[in-house]
Structures are given as structure tokens and as C-alpha cells.
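Coordinate inspection notes
In case you want the letters, here they are:
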Amino acid sequence: MNIAENINEIRKHLPSKVELICVSKFQSDAAIMQAYNAGERHFGESRVQELCGKYERLPKDICWHFIGHLQTNKVKYIVPFVTLIHSVDSVNLLHEIENQAAKIGRKINCLLQIHIATEENKFGFAVDELPAVLQQNNFSNLHNVNVCGLMGMASLTDNQKQIHDEYNCIAELFTTCKQVFFENKNDFTQLSLGMSHDYQLAIESGSTMVRIGSSIFNN
Ligand SMILES: *Cc1c(COP(=O)(O)O)cnc(C)c1O
């Protein structure tokens, strides 16, 4: 199947309120343009340099999502154009985004990444750590950062129940945070969960954004 057919096939299985983020990391400009010509406008990248090159070369109506680990010294390169940073994994990083965004008068939408997978190499706040972080830091006071939800990755496993449990756990944390820490904030609404092999489970858990790469680009 080609890229356009893959996208249409995936869209058939997505409820209308779930947004498809087409993960284009490591993909050529030509492959991205095939997805673009199939109507896709939301693309996800995980490396700053690769993202900046693609932003320069590709159509300016693309909405770029940053989904990888972001080093504070590279924030300034993506802040001028990024649509949503899914992978905020420290308070320090959030403050750097605030600083860089303030310099250019933008407000950057961000998600807090939750570490739930059993793998050590994944980044993010632990589930039982986040409430204390939100207690100590009133993110609603930031002017140039808009914290609009949570993001997470499940463990790399074939165990469907484990994946479902992990996604449900993040979804519960999301509901709690919304009630306790973001009750006056109408735009704490996004739950970025799900990749090619597990997005159906993520949607069952309440995902509002799925990040899909290999099922679109056949690799
Ligand atoms: C690569 C990546 C994806 C997409 O994974 P696929 O299995 O290719 O769909 C989603 N989220 C993050 C954070 C990624 O790094």
C-alpha cells in the first residue's frame, strides 16, 4: 500500500475527535509530501536539526509537533514555529520554553511527558511524582507556555493488557490533574497516547492524539 492509502486506512479507524499526528522522523521530504498531498497537515519529529531543515524546505502550512527528548539549549530553534511540544520532561525545560517564547512573543502549547514504560531509557515525569510537581509549580502562571495535557509511551511489549493498564494509568492521572490543578483552565484537554502498534488501545483509554509513523510510511 502507498502512503496515501495507509493514511486513509488509519483515518477510517479513528474517531473524529482523535487527531492523527503523522510521525515523519527519518522520512524524506518526498515521503512527507505524499502524506501532505493526502491531506495530512500535522507531522511529528523527534530531532531538532532534522525538524528545522524540514520546516525550512516544506510547505509553511504544516503544523509541526515535537515528540522527542528536547535539550534546553535547542529550545530556541523550534520555538519560532512549533505547534505543540509533546515531550516536556522537566520543570527546567518548561521554564526555558517560557523564556525563549517570551523573547519572540509566542505562546507555546506543551504536554507533560509521563514516564510509565518499564524501559529505563524513556523520559518523563513519574506518575506518582507529577502531582507534587504541579503542587510546587503553578504552571498556569506562565504567560508564554500553555500546558494543555499529557503525553506518554507504553512499554515495548506484546502484552496488550500491560499496554492498556499503562495507558489507563496515564488517563487517570490526566483526569486527576485536570480536576485538581487545572480546574480553571479549559484547554487542559489533550492526551497524546498511541503509536502504530497500539493506537487502538490508546483510543480506548481516552487518547485525543495518536502519533503514528511506521504504519503510514511502511517501515
Ligand atoms: C517514533 C515515535 C512514534 C511513532 O512510532 P511508530 O511505531 O513508528 O508509529 C510515536 N511517538 C514517539 C515519541 C516516537 O518517537
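Look up: the structure comes first, before these words.
Residues numbered from 1 in each chain as written. Predicted model: local features only at pLDDT ≥ 70, side-chain atom pairs only at ≥ 80, totals over all residues. Heavy atoms only, no water.

Looking only at helices and strands, the protein chain has nine helices and nine strands in total. Over its C-alpha atoms the protein chain spans a radius of gyration of 17 Å, differing by no more than 12% from the 17 Å that the globule rule assigns to 219 residues. Looking at the protein chain residue by residue over its 219 residues, the buried ones come to 52%. Carbon and sulfur atoms make up 48% of the accessible area of the protein chain, which totals about 10,300 Å². For the protein chain, the distance from the average position of its 19 positive side-chain charges to the average position of its 24 negative side-chain charges is 7 Å. (Helix = DSSP H or I, 4+ residues; strand = E, 2+ residues; numbered from the N terminus. Rg over C-alpha atoms; globule rule 2.2 N^0.38 Å. Buried < 20%, exposed > 50% of the residue type's maximum accessible area, 1.4 Å probe, protein only. Areas by Shrake-Rupley, 256 points an atom, 1.4 Å probe, with all protein chains shown as cover. Lys, Arg positive; Asp, Glu negative; His and termini not counted. Charge placed at Lys NZ, Arg CZ, Asp CG, Glu CD.)

Our focus in this paragraph is the side chain of Glu 166. One can find Glu 166 in helix H7 (residues 160-180). According to the relative accessible area criterion, Glu 166 is buried, its value standing at 8%. Glu 166 has contacts with Ile 116, Ala 117, Thr 118, Ala 154 and Ser 155, leaving out every residue within four places of it along the chain. (Contact = heavy atoms within 4.5 Å.)

In protein structure, a disulfide is the covalent linkage between the sulfur atoms of two cysteines. A complete count under the given rule lists zero disulfides for this structure. Counting only cysteine sulfurs, Cys 110 is the nearest neighbor of Cys 52, a cysteine outside any disulfide, at a range of 16 Å. We classify Cys 52 as buried; its relative accessible area is 18%. Unpaired in terms of disulfides, Cys 63 finds its nearest cysteine sulfur in Cys 22, a separation of 12 Å. Assessed through its relative accessible area of 22%, Cys 63 is described here as partly exposed. (Disulfide = S-S within 2.5 Å.)

Before going further, it helps to examine the layout of surface pockets. The calculated volume of the largest pocket comes to roughly 730 Å³. Lining the largest pocket are 26 residues; nearest its centre among them are Lys 25, Ser 46, Ile 67, Met 153 and Met 195. Classifying every residue of the lining of the largest pocket gives nine nonpolar, 12 polar and five charged. (1 Å grid on protein atoms, 1.4 Å probe; cavity = no way out; pocket = protein on both sides within 12 Å on 5 of 7 lines; lining within 4 Å. Points joined across faces, edges and corners; volume = space filled by probe spheres on them. Nonpolar A, V, L, I, M, F, W, Y, C, P; charged D, E, K, R; others polar.)

Extensive coverage of strand S4 (residues 84-88) is indicated by the burial of five of its five residues. One ladder, built from two bridges, connects strand S3 (residues 63-66) with S4; its direction is parallel. Of the residues in S4, the one forming a bridge with Phe 66 is Ile 85. Both S4 and strand S5 (residues 108-115) contribute to a ladder of three bridges, which runs parallel. Counterpart to Val 88 in the pairing with S5 is Leu 112. Viewed along the sheet, the connection from S4 through helix H5 (residues 91-104) into S5 turns out right-handed. (Pairing = 2+ DSSP bridges. Right-handed = clockwise from strand over helix to strand, strands pointing away.)

By size, the foremost hydrophobic cluster in this structure holds 66 residues, and its most contacted members are Ile 78, Ile 85, Ile 97, Leu 112, Leu 130, Leu 150 and Ile 216. Here this core gets seven residues from one element, more than from any other, and that element is H7. Setting aside its immediate chain neighbours within four residues, Ile 216 contacts Ile 3, Asn 6, Ile 7, Ile 10, Leu 20 and Cys 22. (Core = buried A, V, L, I, M, F, W, Y, C linked by side-chain atoms within 4.5 Å.)

By the burial criterion, the buried members of helix H2 (residues 29-37) are Ala 31, Ile 32, Ala 35 and Tyr 36. Seen along its axis, H2 keeps its buried residues to an arc of 145 degrees; they face one direction. Of the exposed residues in H2, those oriented more than 90 degrees away from the buried face are Ala 30 and Asn 37. Buried positions along H2 lie against helix H1 (3-12), strand S1 (19-23), strand S2 (42-45), helix H3 (48-57) and helix H9 (214-217). Just downstream of H2 lies Gly 39, where phi reads positive at about 105 degrees. (Arc of directions from axis to C-beta.)

This paragraph deals with the site of the ligand. Taken together, Val 23, Lys 25, Ile 67, Met 151, Met 153, Met 195, Ser 196, Arg 211, Ile 212, Gly 213 and Ser 214 are the residues near the ligand. Lys 25 is positioned such that a nitrogen or oxygen atom in its side chain is 2.7 Å from an oxygen atom of the ligand. Taking Gly 213, its main chain carries an N or O atom lying 2.8 Å from an oxygen atom of the ligand. Burial of the ligand by the protein chains amounts to 85% of its free accessible area of 390 Å². Those elements that provide at least two residues to the shell around the ligand are strand S7 (145-153) and strand S9 (209-212). Split into classes, the residues belonging to the shell around the ligand amount to six nonpolar, three polar and two charged. (Near = heavy atom within 4 Å. Polar contact = N/O pair within 3.5 Å; in protein donor to acceptor, adjacent residues only side chain to side chain.)

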